[in-house]
Amino acid sequence: MGKKILLEHIDVPGIDTYDVYRKQGGYTAVEKALKTMTPDSVVEEVKKAGVRGRGGAGFPMGMKWSFLAKPEGVPRYLVCNADESEPGTFKDHYLMKHIPHLLIEGMIVSSFALGANKSFIYVRGELMYVIRILEKAIAEAKAAGFLGKNIMGSGYDLELVVQPGGGAYICGEETALLESLEGKRGNPRNKPPFPAVKGLYQSPTVVNNVESISTTPWIINNGGDAYAAIGIGRSTGTKLISASGHINKPGVYEIELGVSVEDFIYADEWCGGIRPGHKLKAVVAGGSSVPILPANLILNLANGDKRLMSYESLSDGGFATGTMLGSGGFIVMDETACVVRNTWNFSRFYHHESCGQCSPCREGTGWMEKVLHRIEHGHGSLHDIDLLVDVAKKIEGNTICPLGDAAAWPVGSAIRHFRDEFEWHINHPVEATQPGAVYRGEMALV
Amino acid sequence: MEDNKPQLVKVTVDGIEVEVEPGTTILQAARKIGPEVAPPAMCYYQPLKGSGGKCRACLVKVAAGSAKDPRPMPKLVASCITPVQDGMVVENTTSPQVLEARKGVVEFLLINHPLDCPVCDQAGECDLQNFAFEHGAAKTRYEEERRTFDKHDLGPYIQLHMTRCILCYRCVFTADQITNKRVHGVMNRGDHAEISTYIEKAIDNDFSGNVIDVCPVGALTDKTYRFKNRVWFSRPVDAHRDCPTCSGKVTLWYRGEEVIRVTARKNEWNEVNEFICNTCRFETKKTSDWVIEGPTKIARSSVITANKYRADTIKPDFVSRLAAANYKPIDDTRDTSQLSIQQLPPERFASSN
Amino acid sequence: MTTETNAKIEFTPERQVLAKEIIARYPEGKQKSALLPLLHLAQEQWGWTSPEVMDYVAGLLGIEPIEVYEVATFYTMFHLDPVGKHVIEYCRTGPCCLMGGEDVYAHLKQKLGIEAGQTTSDGKFTLKEVECLAACGMGPVFQIREQYYMHLTNQRVDEIIEELSK
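The rules behind the values
Residues numbered from 1 in each chain as written. Chains lettered and ligands numbered in written order. Predicted model: local features only at pLDDT ≥ 70, side-chain atom pairs only at ≥ 80, totals over all residues. Helix = DSSP H or I, 4+ residues; strand = E, 2+ residues; numbered from the N terminus. Buried ≥ 20, exposed ≤ 12 C-beta atoms within 10 Å, placed from the backbone. Contact = placed C-beta atoms within 7 Å. Core = buried A, V, L, I, M, F, W, Y, C linked by C-beta atoms within 7 Å. Domains from an automatic or database assignment. Nonpolar A, V, L, I, M, F, W, Y, C, P; charged D, E, K, R; others polar. Pairing = 2+ DSSP bridges. Axes fitted to C-alpha atoms, helices over the stretch in contact; angles between N-to-C directions. Parallel < 35°, antiparallel > 145°, perpendicular 65-115°, else oblique. Left-handed = near helix turned anticlockwise from the far one by under 90°. Expected span 1.5 Å × (residues − 1). Bend = angle between axes of the 7 residues up to and from the residue.

> Please provide a residue-by-residue account of the overall build of chain C, values included.
In terms of helices and strands, chain C carries seven helices and four strands. Ordered by position from N to C terminus, the α and β elements of chain C give α-α-α-α-β-α-α-β-β-β-α. Considering only C-alpha atoms, chain C reaches an extent of 50 × 35 × 25 Å along its principal axes. For chain C, the residues scored as buried account for 47% of the 166 residues in total.

See below:
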């Protein structure tokens, strides 16, 4: 069994209630931090832990914290990004639903470290029932004296607000989230200035993912060094992986970073292998936006070594042969999955979710979707493939926020690794548009 | 420290060095050098706070971030919102990567644009036309259906052609910053986003007409001028009047002896610095209402300046006679009795320096 | 239909209290932040988000109606037209499709006799297609109000529809 940090007590009955959570050692990190530590020393521990942003970007959390501007007399804010909407990702949903107090405890510790007295948890609006769970947990924590004025006599005040979104993937982008939290359209902001300088209400702000914040109680209880000792290289600690698709056991798993992809897919502890009678064709390893990889490349690096579940190993080989850990949305496809249809589906998603502010994303995502729709429905031509590659290239890197990249990568990578399949769709439109038709040409299934 | 003056920073754009105040954007630094190196801007509008960053037309390559940290920036940056650093080296039209990206931006802006330039009032003074001409590819690769929108009526003065809109948000900023109440905005999102009042409503306040001047394309045009003219047939003349509401400084657009349109004055970057009121724009179209200052100075070559203001041009006699014989006032409902060529100043070169 | 557009647009007394509480959560002068929560609260009461409801919310927050229209049309959760009693929001995104989501969706449409965006003639069901609901491991998924329905099959869909039709 791998090390469990976030899900250690997930199976304890009633862990969603304050009493049970407290009995399992909950809120000791708040006591330790507020009674025995300074905000700076909390930041120091998180830095030492080397925990990287779990929302997808993988930016070191401690470093992000240390960028926070601290002008006199200006409030600072911590905002938790719980707008989990990246297709294939459902770990934050799971964590907040089952063990809400972990996030609340993390919010208290983190807010203390950053000197924030009002912190927000921005939850996607579809998860209204989770919002109610969190609000109940907050009320319990407040009743127990861990929130409100002068927490445990430390002189530190904190109020937590749970904010619902309204249905917009783009609000997972931190500046779009801040706009949304200010009651506006979720249009990402131009950067600079970054939120660390001008964020919520133009005040210095840190935005962190649910899972990232939820690591802080353990880090405070056990020390940053202990956290850094888990994992591999610069991929410290554990990571929640949302496993979906054609596997025997879809679900949320906490892994120690560094287990092999092969073990993760086939071991009973995790995905439990590909569903009976089928073979692995491809994996989207970090949420819909990261490059799709064929079976051989997800299991092994280009040099033949085993690929590991870590930031570095998953991105080994760049986009030519690698991908990204991203949000940990691990979507597994067997040979019945049609890559063209899936790419069109993802493309439709980004088209639907583009905020429409900047021209490459607004126009390019719709264009790609329409071309992919044509190919999938038997009306493509071979030059459409090169057109898609070029349109994706012209979006990538040229937009205000990373949604443009997120829309371009799945298209570029699908064509890079499954070009045959696209050509088959174009050359055999009648065959390809039969219900359930899938390319069965030469490809390495595992 | 010598005095309070901020130390100027040095920036190089396409090999030309310029000194600017700290905090200046790359685009403004490039404009200081001159139009040859200034990146195009479809959404950025200097007088409007918060504008810019959206169209991506002004993307440039930062080959060196600063003297202190000369590493290049990893991505192309929007020059209109990126502040310069001392020692920054910027590549605009000298970078093939930038030209390629801009070609992409033109293409993106055009795929859903109706290309109805032959009947568009903006043709001839359209930023998108100019941008496409300078940076676009000659043919389109777009084979899909173009986007359309339901029609919205914005009242008696402003005509909205949503299909032409490139969502620069300039008109939204204008309504926010120039008028006392904004009733239009951007509805929906993605490529379905549209300028609208949501509920049928006229845009009606003293300064609403300025949204026409800031629109880079023909999405917002002057209803009182609609289909009356091609811009290159008209002659811009600067004029002013004593207006209780605005500065009263305008450009009158003449066709023959008739004022067919009034706009605010635009600088060489096509930006309005002094916004004008609706009375000046829509209701004051007699030459006698205005004090004529002289031909509008148009610095950059334009169809608008072509064949105009040449005092010494001697027209063949038959041309003058033909013109006189065929001259008809454009708007029959308007009183043209007071129109007189004598009130116009002697014509001269518009761009004489 | 759960709409009451002809009645006076006003929150119920309980919701008025709640609205006040929500507005008070934000720092002084930042009350616009309450917009999304209030729109949710309004839709809970009226079933959909009509221009009149938006104007009412604008009034509560002291902002221009256009600011509410812009926001309400940006986010997909606000129904801008009247809807049926149960709004089924069906996930159409990749991971659910891998689990047979498209077939189940076809069955659901057939069962209800409507396409996405339509309401059944008895006013009971409105069908909406939505993107990923963050329940990919439990797909196919749809949502009705706050309730998630997961691991959908044709049979399960029949059961749910029949239960809700009662």
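Here the narrative resumes, following the displayed structure.
> I'd like to hear about the overall build of chain A, residue by residue, with values.
Across its full length, chain A carries 20 helices and eleven strands. In terms of overall dimensions, chain A has C-alpha extents of about 75 × 45 × 40 Å along its principal axes. Put simply, chain A has 446 residues, and 60% of those count as buried. Nonlocal contacts in chain A, meaning residues at least 24 apart in sequence, comprise 72% of its contacts between residues at least 6 apart.

> Help me get a handle on the nonpolar core, residues and values and all.
Residue and element names in this part refer to chain A. Counting residues in hydrophobic clusters, the biggest one holds 274 residues, and the most contacted among them are Val79, Cys80, Ile121 and Val283. No other element matches helix H19 (residues 403–427), which puts eleven residues into this core. In contact with cysteine 80, other than residues within four places in its own chain, are Leu103, Met107, Phe120, Ile121, Tyr122, Asn208, Val210 and Ile213.

> With reference to specific residues and values, describe the domain arrangement of chain A.
Residues and elements named next belong to chain A. Here the domain parsing of chain A yields domain 1 (18–229), domain 2 (237–334) and domain 3 (339–432). Between the C-alpha centres of domain 1 and domain 2 there is a distance of 28 Å. Residue-level contacts link 18 residues of domain 1 with 19 residues of domain 2. In the side of domain 1 that touches domain 2, the residues fall into seven nonpolar, six polar and five charged.

> Describe helix H1 (residues 26–33) of chain B, with residues and values.
In terms of burial, H1 of chain B is a largely internal element, six of the eight residues being buried. Residues of H1 of chain B that are buried make contact with strand E1 (9–13), strand E2 (16–20), strand E3 (59–64) and strand E5 (88–91) of chain B.

> Give me the pairing of E3 of chain B: which residues, what numbers.
When a strand is regular, its side chains alternate between the sheet's two faces. Residue and element names in this part refer to chain B. By the bridge criterion, two bridges tie E3 to strand E4 (residues 77–78) in an arrangement that is antiparallel. The residue of E4 that forms the bridge with leucine 59 is alanine 78. Pairing of E3 with E5 involves three bridges; the strand directions are antiparallel. Bridging across to E5, alanine 64 finds its partner in valine 89.

> Explain the sheet that holds strand E4 (residues 205–209) of chain A residue by residue, including any values.
Residues and elements named next belong to chain A. The strand order E3-E2-E1-E4 describes an open sheet built from four strands, whose pairing is parallel. A strand with exactly one partner marks an edge of an open sheet, and here the two such strands are strand E3 (159–164) and E4. Averaged over all neighbouring strand pairs, the angle between strand axes comes to 20 degrees, with direction disregarded. Bridge count between strand E1 (residues 77–82) and E4: five bridges; the pairing is parallel. Residue cysteine 80 lies in a different strand from E4, and its bridge partner there is asparagine 208. Contacts from helix H6 (residues 100–114) reach E1, strand E2 (118–123), E3 and E4, with the element oriented near 150 degrees to E1.

> Outline the interface of chain B and chain A, listing residues and values.
Facing 24 residues of chain B, the contacting portion of chain A comprises 21 residues. Ranked by residue count, the leading element in the side of chain B that touches chain A is helix H2 (residues 96–111) of chain B, at six residues. The residue makeup of the side of chain B that touches chain A, split by class, is 13 nonpolar, four polar and seven charged.

> Can you tell me about the interface of chain C and chain A, naming the residues and giving the values?
When the parts of a complex come together, some accessible area is lost, and that lost area is often used as the size of the interface. Counting from both sides, the interface comprises 33 residues of chain C and, opposite them, 46 residues of chain A. When contributions to the side of chain C that touches chain A are tallied by element, the ones reaching two or more residues are helix H2 (35–46), helix H4 (65–74) and helix H5 (94–98) of chain C. Take the side of chain C that touches chain A: its biggest share by element is five residues, from H2 of chain C. Taken together, the residues of the side of chain C that touches chain A sort by class into 19 nonpolar, eight polar and six charged.

> Can you lay out the packing of H2 of chain C against helix H3 (residues 51–61) of chain C for me, pointing to particular residues and giving the numbers?
All names here are of chain C. Packing of H2 against H3 brings their axes to within 10 Å, and their N-to-C directions diverge by 140 degrees. When the axes of H2 and H3 are compared, the pair comes out oblique. Remark: the crossing between H2 and H3 carries right-handed chirality. Taking contact as the criterion, the partners of Leu35, Leu38, Leu39, Ala42 and Trp46 in H2 are, on H3, Val53, Val57, Leu60 and Leu61. Taken together, the residues that form the contact of H2 with H3 break down as nine nonpolar, no polar and no charged.

> Any details on the sheet that holds E3 of chain B? Residues and values, ideally.
All names here are of chain B. Across the sheet, five strands lie side by side as E2-E1-E5-E3-E4; this open sheet has mixed pairing. In this open sheet, the two edge strands, each paired with only one partner strand, are E2 and E4. Each of E1, E2, E3 and E5 touches H1; the most contacted strand, E2, lies at about 115 degrees to it. Helix-sheet contacts for H2 involve E3 and E5, and the interaxial angle to E3 is about 160 degrees.

> I'd like a description of the domain arrangement of chain C, backed by residues and values.
When cut into domains, chain C gives domain 1 (13–74) and domain 2 (86–165). Of note, the centres of domain 1 of chain C and domain 2 of chain C, computed from C-alpha atoms alone, are 29 Å apart.

> Now, about H19 of chain A: what can you tell me, with residues and values included?
All names here are of chain A. The terminal C-alpha atoms of H19 lie 32 Å apart, and with 25 residues this falls more than 12% below the ideal 36 Å at 1.5 Å per residue. Phenylalanine 418 marks where H19 bends most, by close to 95 degrees. For H19, the tally of buried residues reaches 18 of 25 residues, placing the bulk of the element in the interior.

> Describe the environment of proline 118 of chain B, listing the residues and the values that go with them.
Residue and element names in this part refer to chain B. Structurally, proline 118 can be placed in the loop between H2 and helix H3 (127–135). The exposed category is assigned to proline 118, around which 7 C-beta atoms lie within 10 Å. The spacing of proline 118 and lysine 223 is 105 residues in sequence and 17 Å in space, taken between C-alpha atoms.

> Report on the pairing of E5 of chain B, specifying residues and quantitative values.
All names here are of chain B. What you see with E5 is no split at all: Met88 and Val90 on one side and Val89 and Glu91 on the other are buried throughout. In the sheet, E1 pairs with E5 via three bridges, with the strands oriented parallel. The residue of E5 that forms the bridge with valine 13 is valine 90.

> Requested: an account of the environment of asparagine 273 of chain B, with residues and values cited.
With respect to the helices, strands and loops of the structure, asparagine 273 of chain B is situated in the loop between strand E12 (258–264) and helix H6 (278–283). Put simply, asparagine 273 of chain B and valine 291 of chain B are 18 residues apart on the chain and 20 Å apart in space, counted from C-alpha to C-alpha.

> So, unusual backbone geometry: which residues are in play, and what are the values?
In this structure, the amide linkage connecting lysine 191 of chain A to the following residue, proline 192 of chain A, adopts the cis form with an omega of -5 degrees. Within the element layout of this structure, proline 192 of chain A appears in the loop between helix H8 (174–181) and E4. Looking along the chain, the bond that leaves glycine 139 of chain C and enters proline 140 of chain C is cis, with omega of -5 degrees. Note on placement: proline 140 of chain C falls in the loop between strand E2 (125–130) and strand E3 (142–144). Phi angles above zero are rare outside glycine, and asparagine 270 of chain B is one such case at about 70 degrees. By the secondary structure assignment, asparagine 270 of chain B is in the loop between E12 and H6. For arginine 145 of chain C, which is not glycine, the phi torsion reads 50 degrees and is therefore positive. Considering the arrangement of structural elements, one finds arginine 145 of chain C in the loop between E3 and strand E4 (147–149). Of the residues examined, arginine 145 of chain C has 12 C-beta atoms within 10 Å and is grouped as exposed.

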